[in-house]
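Structural features, examined
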Amino acid sequence: MKALRYYGARDIRLDDIDEPEPGPGMVKVAVEAAGICGSDIHEYRGGPISTPVQAPHPLTGERTPIVLGHEFCGTVVAVGDGVDRIRVGQRVAANAALWCGRCAACVDGHTNVCHSIGFHGVSGGGGAFAAFDVISERNAHVVPDAVPSSVGALLEPLATAVHAVKLADVSEGDHAVVFGAGPLGLMVISYLAGSGPAGIVAVEPHPERAAAARRLGASTVIDPLTEDVVSRIAEAVGDGRVGASFDAAAAPDSLHTAIAVTGTRGCVINIAAWEKPIEFDPTMLLYREICIRGSLAYDSGDFEDAIAHAVQRVGDLSSLITSTIPLSDVVTAGFDRLAFERNDEIKVLVTP
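The paragraphs below set out a description of the structure included in this document. Since the model is a prediction, treat every value here as computed from it, not as a measurement.

Our focus in this paragraph is the sheet that holds strand β1 (residues 2-8). Pairing within the open sheet is antiparallel, and its three strands lie in the order β2-β1-β4. Lying at the two open borders of the sheet, with one neighbouring strand each, are β2 (11-16) and β4 (66-67). For β1 and β4, the ladder comprises two bridges, and the chain directions are antiparallel. Pairing of Arg5 across the sheet is with Val67, part of β4.

Put into structure tokens, the structure is as follows:
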């Protein structure tokens, strides 16, 4: 079968590889839709960041070239020995996280920050930019009939957004600010909208994404190219407080501004993948006791909450899908276009 494999920065290829078969505890999935993630684009344009190049990944034993694709939904067509929870014919979405189950983080239940953390479709072990993929039964989540496979492919990033919002713990009377209304930022807005903040501010210059932010629940949308972000946020919040800011933009200005606008003892949640380090002055945190916290992926509870949210907001999430392209066009119409050209895309899905 054809599969998209990562070799290094700006080097991805559609290769012929053997069709995978499920071993013990594994399920084989006929891929119906797979999303191109922002982290995939960062890896392609500025990586390697997370892909194992110099040495095999400790959990998969693989190094580049590896098959890409970690946001996907499809139908189970075969199961390996010992699989008893997942059945042939069910549609599933994949928790892409790979964890050891033995380190201190895993023992404490924080498998998303396993000391050997890896990700399916990033660290080896298979990938969904192909006709078929194989994942562990423990990573498979059954997709309800109410959720189409296109939205099922959004469940993985949606679970990431759910996890970030939970970490922020925004109080009911507080405001939240989201920097960057790409797919992940928009999903943060969608999930925040159901958690009762006093208001949600989105900072996004792109008109299509700004409109999506309003549609999904942002009460104020600011264009950082034409407006003073700090003063506009102050105006939107009034006498209230920004309890949490979410950086989904990975831009120096967005992080620094997030710190500047977050209220006393509030938190800046970084959910963006950065291609390179930036300058940062820790003194910015002192006078309001601001915290900066990373948010990585999700746990199984977050994934189930993402499924429940998707059932309630199928239409809103479907509206984020702006293009669906065949696997044969994934390099030129997918990765090259998203990485190097100006475009109006929000979420691009790939079909085999």
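Another point: helix α7 (residues 229-237). All of the buried residues along α7 are Val229, Ile233 and Val237. Down the axis of α7, the smallest arc covering the buried residues is 60 degrees, so these residues share one side. In this structure, the buried side of α7 is in contact with β11 (175-179), β12 (199-203), β13 (220-222), β14 (242-247) and α8 (252-261). At the C-terminal side of α7, Gly238 shows a positive phi close to 65 degrees.

Attention now goes to the nonpolar core. In this structure, Leu186, Ile189, Leu192 and Phe246 are the most contacted members of the largest nonpolar core, which totals 61 residues. Ignoring anything within four residues of it in the chain, the contact list for Phe246 reads Ala164, Val165, Ala168, Ala176, Val177, Val178, Phe179, Val188, Leu192 and Ile269. Ranked by size, the runner-up nonpolar core spans 29 residues in total, among them Val27, Tyr44, Val76 and Phe129.

Glancing now at the side chain of His70. Here His70 is to be found in the loop between β4 and β5 (71-79). When its relative accessible area of 5% is taken as the criterion, His70 is described as buried. If near-sequence neighbours (up to four positions away) are discounted, His70 is found in contact with Cys37, Ser39, Asp40, Ala94, Ala96, His120, Gly121, Val122 and Glu156.

Let us now look at the packing of helix α1 (residues 38-46) against helix α11 (residues 330-340). Between α1 and α11, the shortest axis-to-axis distance is 10 Å and the interhelical angle comes to 80 degrees. With respect to their mutual orientation, α1 and α11 come out roughly perpendicular. Contact residues: α1 offers Asp40, Ile41, Tyr44 and Arg45, while α11 offers Phe335, Asp336, Leu338, Ala339 and Phe340. Considering only residue class, the contact of α1 with α11 consists of six nonpolar, no polar and three charged.

Bringing the environment of His175 into the picture now. Residue position: His175 is located in strand β11. What makes His175 buried here is its relative accessible area of 9%. Through-space distance from the C-alpha of His175 to that of Ala333 is 38 Å; in sequence the pair is 158 residues apart. Each residue touching His175, except ones within four places of it in the same chain, is listed here: Val170, Ala198, Gly199, Ala236, Val237, Gly240, Arg241, Val242, Gly243 and Ala244.

Let us now look at the pattern of salt bridges. It is possible for side chains bearing opposite charge to pair when their charged atoms get close. This model, assessed by the stated rule, comprises 14 salt bridges. For Asp11, the salt bridge goes to Arg13, with nearest N and O atoms at 2.9 Å. We note a salt bridge from Asp305 to Lys166, for which the minimum N-O separation is 2.6 Å. Of this pair, Asp305 sits in helix α9 (residues 300-312) while Lys166 sits in helix α4 (residues 155-168), and the two are 139 residues apart along the sequence.

With that settled, consider the environment of Pro197. Structurally, the position occupied by Pro197 is in the loop between α5 (183-193) and β12. Spatially, the C-alpha atoms of Pro197 and Asp329 are 41 Å apart, while their sequence positions differ by 132 residues. Excluding residues within four positions of it along the chain, Pro197 makes contact with Val170, Ser171, Glu172, Asp174 and Leu192.

With that settled, the discussion passes to the sheet that holds β14. If you walk across this open sheet you meet the six strands as β13-β12-β11-β14-β15-β16, and the pairing is parallel. Single-partner strands in this sheet number two, and they are β13 and β16 (291-294). Each adjacent strand pair in this sheet contributes to an overall mean axis angle of 20 degrees, direction not counted. Running at roughly 175 degrees to β14, α8 makes contact with β11, β14, β15 (267-270) and β16 of the sheet.

This paragraph deals with the side chain of Asp133. Turning to its location among the elements, Asp133 is positioned in strand β9 (residues 132-136). Summary of buried charges: Asp133 has no salt-bridge partner, and the nearest side chain of opposite charge, Lys28, is 10 Å away. Engagement of the side chain of Asp133 in a polar contact is seen with the backbone nitrogen of Gly127, the distance being 3.2 Å. Apart from residues lying up to four places away in sequence, Asp133 is in contact with Pro20, Val27, Lys28, Val29, Val31, Phe72, His120, Gly126, Gly127 and Ala128.

All told, the structure shown has one disulfide when counted by the stated rule. Sulfur of Cys100: no disulfide; nearest cysteine sulfur belongs to Cys114 and is 3.6 Å away. Cys100 sits in the buried class, given a relative accessible area of 14%. The structure places no disulfide on Cys106, whose sulfur is separated from the nearest cysteine sulfur, that of Cys103, by 3.7 Å. For Cys106, a relative accessible area of 9% gives the class buried.

Note that an α-helix has 3.6 residues per turn; residues three or four places apart therefore point the same way. Taken as a whole, helix α6 (residues 207-216) has its buried residues at Ala210, Ala212, Ala213 and Leu216. Along the axis of α6, the buried positions cluster into a sector of 160 degrees, meaning they face one direction only. Where α6 is buried, its residues contact α5, β12, β13 and α10 (314-318). With its phi angle positive at about 135 degrees, Gly217 sits one or two positions after the end of α6.

Definitions and limits used
- Numbering of residues starts from 1 in each chain and follows the order in which that chain's sequence is written.
- In view of the model being predicted, local features appear only for residues whose pLDDT reaches at least 70, and side-chain atom pairs are presented and counted only at 80 or more, with totals across whole chains, interfaces and linings using the full set of residues.
- The side-chain numbers reported here are obtained from all heavy atoms of the structure, hydrogens and water having been left aside.
- At least two bridges found by DSSP between two strands is the condition for calling them paired.
- Elements are defined by DSSP. Helices are runs of H or I of four residues or more, strands are runs of E of two residues or more, and each kind is numbered from the N terminus.
- Residue burial is assigned from relative accessible area. The probe radius is 1.4 Å, only protein chains are included, and a residue is buried under 20% of its type maximum, exposed over 50%, and partly exposed in between.
- Directions are taken from the helix axis to each C-beta atom, and the arc is the one they span.
- Residues count as neighbours in contact if any of their non-hydrogen atoms are within 4.5 Å of one another.
- Note on terminology: a nonpolar core comprises buried Ala, Val, Leu, Ile, Met, Phe, Trp, Tyr and Cys residues joined through side-chain atoms within 4.5 Å.
- Angles run from 0 to 180 degrees between N-to-C directions of axes, and those axes are lines fitted to C-alpha atoms, restricted for helices to the stretch in contact.
- Roughly parallel means an angle under 35 degrees; roughly antiparallel means over 145; roughly perpendicular covers 65 to 115; every other angle is labelled oblique.
- Note that Gly is not counted as nonpolar here; it falls among the polar residues with everything else outside the nonpolar set of Ala, Val, Leu, Ile, Met, Phe, Trp, Tyr, Cys and Pro and the charged set of Asp, Glu, Lys and Arg.
- In the sections that follow, a salt bridge refers to a side-chain nitrogen of Lys or Arg positioned within 4 Å of a carboxyl oxygen of Asp or Glu.
- In this tally, Lys and Arg are treated as positive and Asp and Glu as negative; His is ignored, and so are the chain termini.
- Two N or O atoms form a polar contact when they lie within 3.5 Å of each other; inside protein one atom must be a possible hydrogen donor and the other a possible acceptor, and for residues adjacent in sequence the pair counts only when both atoms belong to side chains.
- Two cysteine sulfur atoms form a disulfide, by the criterion used here, when they sit within 2.5 Å.

Note that every value here comes from positions in space, so none of it alone points to a role or purpose.
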